[in-house]
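Structure at a glance
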Amino acid sequence: MAKKYYVVWKGAQTGVFDNWPQVQQLTAGRADAQYMGFTSKTEAEAAFAESYTKALMKRSLAKDNAQPSGKTVSKASSSAKTINNDADINIYCDGACSPNPGKSGTGIAIYQGKQLTALWYGLYQPDGTNNTAELNGMLEAFKLAQQYVNKGQSVQILSDSKYSIDSITKWAAGWQRKGWKKADGQAIKNPELVKACYQHYLALKAKITITHVKGHADIEGNELADRMAVYARMQQETQFIQYEDSLTISTILAMPSG
């Protein structure tokens, strides 16, 4: 069997290694681990000099270019699905947390119709939860939606978090009447995020659509938002910023998922 080399970008130790059991030890139990195998030491060293994301991109492009001539290569993963809709702008939002509670991040994928146009990530919290990460996604989606609504465009926001959607569209009005308390008199969880989301929702609800989608069901936009949420957690990016690398869908889908 040909000797393999491994690059560890994030682990207990980083570098180029030729021992798989050692790499397993360095990355075991780490939610932010970044590593990849290569067939030559030269290739591995060149990849280590760049970023994990760029290495993923190059590998994905190499696979695409290796397809037989005359065969159409889909821009998206063959298993990915899309949601039928009539909105001008479709904003998928998602959150990721590992463990829960623990390190969390938020991601967004924006489509103009069915064409991916932008990815956003950030809002890392060292002590977040799945629900705070999801609510952060809804809040940022509302902020972005406002910009498109101001241009006269129709907007759909899509989330796999029933908690976030129901908190804002079903429960918030009653909670507000009760002083942001539940029916049993107990204070609601994540009140500041819920309040902020609800304020934006009231201003936008007549002009946008909010749709629940099933998570981890190969729905392309949801999967891309998930990758961005995990990327935010791994990069520990506290701001909410636009993803500047290639928007090649197959490359993004190859990134770690939550």
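Chains are numbered independently. Their residues run from 1 in the order of the written sequence. pLDDT decides what is reported in this predicted model: residues at 70 or higher carry local features, side-chain atom pairs at 80 or more are listed and counted, and totals for whole chains, interfaces and linings draw on all residues regardless. To obtain the side-chain values, all non-hydrogen atoms of the structure were used and water was disregarded.

Things to note about the overall build of the chain
Counting secondary structure elements, the chain contains 8 helices and 9 strands. Relative accessibility decides the category of a residue: with a 1.4 Å probe and only protein chains considered, values under 20% of the type maximum give buried, values over 50% give exposed, and everything between is partly exposed. The buried share among the 258 residues of the chain stands at 47%. Considering only intrachain contacts with a sequence separation of at least 6, the fraction spanning at least 24 residues in the chain is 68%. The Shrake-Rupley method, run with a 1.4 Å probe sphere, supplies the accessible areas, and residue values consider only the shown protein chains as cover. Carbon together with sulfur atoms contributes 47% to the accessible area of the chain, which is approximately 13,000 Å² in total. The numbering of helices and of strands both runs from the N terminus, where a helix is a DSSP run of H or I of at least 4 residues and a strand a run of E of at least 2. Contacts: residue pairs with any heavy atoms within 4.5 Å of one another.

Focus: helix H6 (residues 191–204)
Its 14 residues place the ends of H6 20 Å apart at the C-alpha level, agreeing with the 20 Å of an ideal helix rising 1.5 Å per residue. Listed in full, the buried residues belonging to H6 are Leu193, Val194, Cys197, Tyr198, Tyr201 and Leu204. For H6, the angular spread of buried residues about the axis comes to 130°, placing them on one side. Projecting away from the buried face of H6 at angles above 90 degrees are the exposed residues Glu192 and Gln199. Residues of H6 that are buried in the fold lie against helix H4 (130–150), helix H5 (162–177) and strand S8 (208–212). Here the expected length of a helix is defined as 1.5 Å per residue gap, with one fewer gap than residues. What the arc measures is the spread of directions leading from the helix axis to the C-beta atoms.

Considering the sheet that holds S8
We treat two strands as partners when DSSP finds at least two bridges between them. Across the sheet, 6 strands lie side by side as S8-S7-S4-S5-S6-S9; this open sheet has mixed pairing. Two strands lie at the open edges of the sheet, namely S8 and strand S9 (240–242), each paired on one side alone. Taken over all neighbouring pairs, the strand axes of this sheet differ in orientation by 20° on average, direction set aside. Taken together, the 9 bridges between strand S5 (residues 102–112) and strand S6 (residues 115–128) define a ladder with antiparallel strand orientation. Looking across to S6, one finds that alanine 109 is bridged to leucine 119. Lying over the sheet, H4 contacts strand S4 (89–98), S5, S6, strand S7 (155–159), S8 and S9, oriented at roughly 160° with respect to S4. All axes are obtained by fitting lines to C-alpha atoms, using only the stretch in contact for helices, and the reported angles, taken between N-to-C directions, cover 0 to 180 degrees.

Quick word on the layout of surface pockets
Empty space left among the atoms is revealed by rolling a probe the size of a water molecule over them. Detection works on a 1 Å grid of protein atoms alone, calling trapped sets that fit a 1.4 Å probe cavities and calling open sets with protein on both sides within 12 Å along at least five of seven lines pockets, with lining residues defined by an atom within 4 Å of a point. Grid points are joined across faces, edges and corners, and a volume is the space filled by probe spheres set on the points. The calculated volume of the largest pocket comes to roughly 180 Å³. What lines the largest pocket is a set of 13 residues, and nearest its centre among them are Asp94, Gly95, Asn130, Glu134 and His216. The greatest single-element share of the lining of the largest pocket, amounting to 4 residues, is contributed by S4. A breakdown of the residues in the lining of the largest pocket according to their chemical character gives 2 nonpolar, 6 polar and 5 charged. Polar here means any residue outside two lists: the nonpolar Ala, Val, Leu, Ile, Met, Phe, Trp, Tyr, Cys and Pro, and the charged Asp, Glu, Lys and Arg; Gly therefore counts as polar.

Comments concerning the pattern of salt bridges
Here, a salt bridge means any side-chain nitrogen of Lys or Arg that lies within 4 Å of a carboxyl oxygen of Asp or Glu. Applying the stated rule across the entire model yields 6 salt bridges. Note that lysine 162 is salt-bridged to aspartate 166, the shortest N-O span being 3.7 Å. Separated by 4 residues within a single helix, lysine 162 and aspartate 166 lie in helix H5, roughly one turn from each other. You can call lysine 162 partly exposed: its relative accessible area is 42%. In this structure aspartate 166 comes out as buried when scored by relative accessible area, which is 9%. Between glutamate 192 and lysine 195 there is a salt bridge; the shortest N-O distance is 3.8 Å. Separated by 3 residues within a single helix, glutamate 192 and lysine 195 lie in helix H6, roughly one turn from each other. Given a relative accessible area of 31%, lysine 195 falls into the partly exposed group.

Here's the deal with the packing of aromatic side chains
Any pair of Phe, Tyr and Trp rings, taking the six-membered ring for Trp, is counted once the centres come within 6.5 Å. Such a pair is stacked with planes under 30 degrees apart, edge-to-face with planes over 60 apart, and tilted for the rest. What the rule picks out here adds up to 10 aromatic pairs. Ring pairs connect the aromatic residues Phe142, Trp180, Tyr198 and Tyr201, which therefore count as one cluster.

Observations concerning the sheet that holds strand S1 (residues 5–10)
The strand order S2-S1-S3 describes an open sheet built from 3 strands, whose pairing is antiparallel. If you trace the sheet from one side to the other, it starts and ends with strand S2 (15–17) and strand S3 (34–38), each paired once. Each adjacent strand pair in this sheet contributes to an overall mean axis angle of 20°, direction not counted. Across the sheet, helix H1 (residues 20–27) touches S1, S2 and S3, and the angle it forms with S1 is around 10°. Against the sheet, helix H2 (residues 41–48) makes contact with S1, S2 and S3, and its axis sits at roughly 10° relative to S1, the strand it touches most.

Re unusual backbone geometry
That bond from serine 98 to proline 99 is cis: its omega, -10°, falls within 30 degrees of zero. With respect to the secondary-structure elements, proline 99 resides in the loop between S4 and S5. Note that the residue after asparagine 100, namely proline 101, is joined by a cis bond; omega there is 0°. Topologically, proline 101 is positioned in the loop between S4 and S5. Notably, glutamine 236 is not glycine yet its phi reads approximately 55°, a positive angle. Summarising the element assignment, glutamine 236 is placed in the loop between helix H7 (220–235) and S9. Residue glutamine 236 is classed as partly exposed on the basis of its relative accessible area, which comes to 40%.

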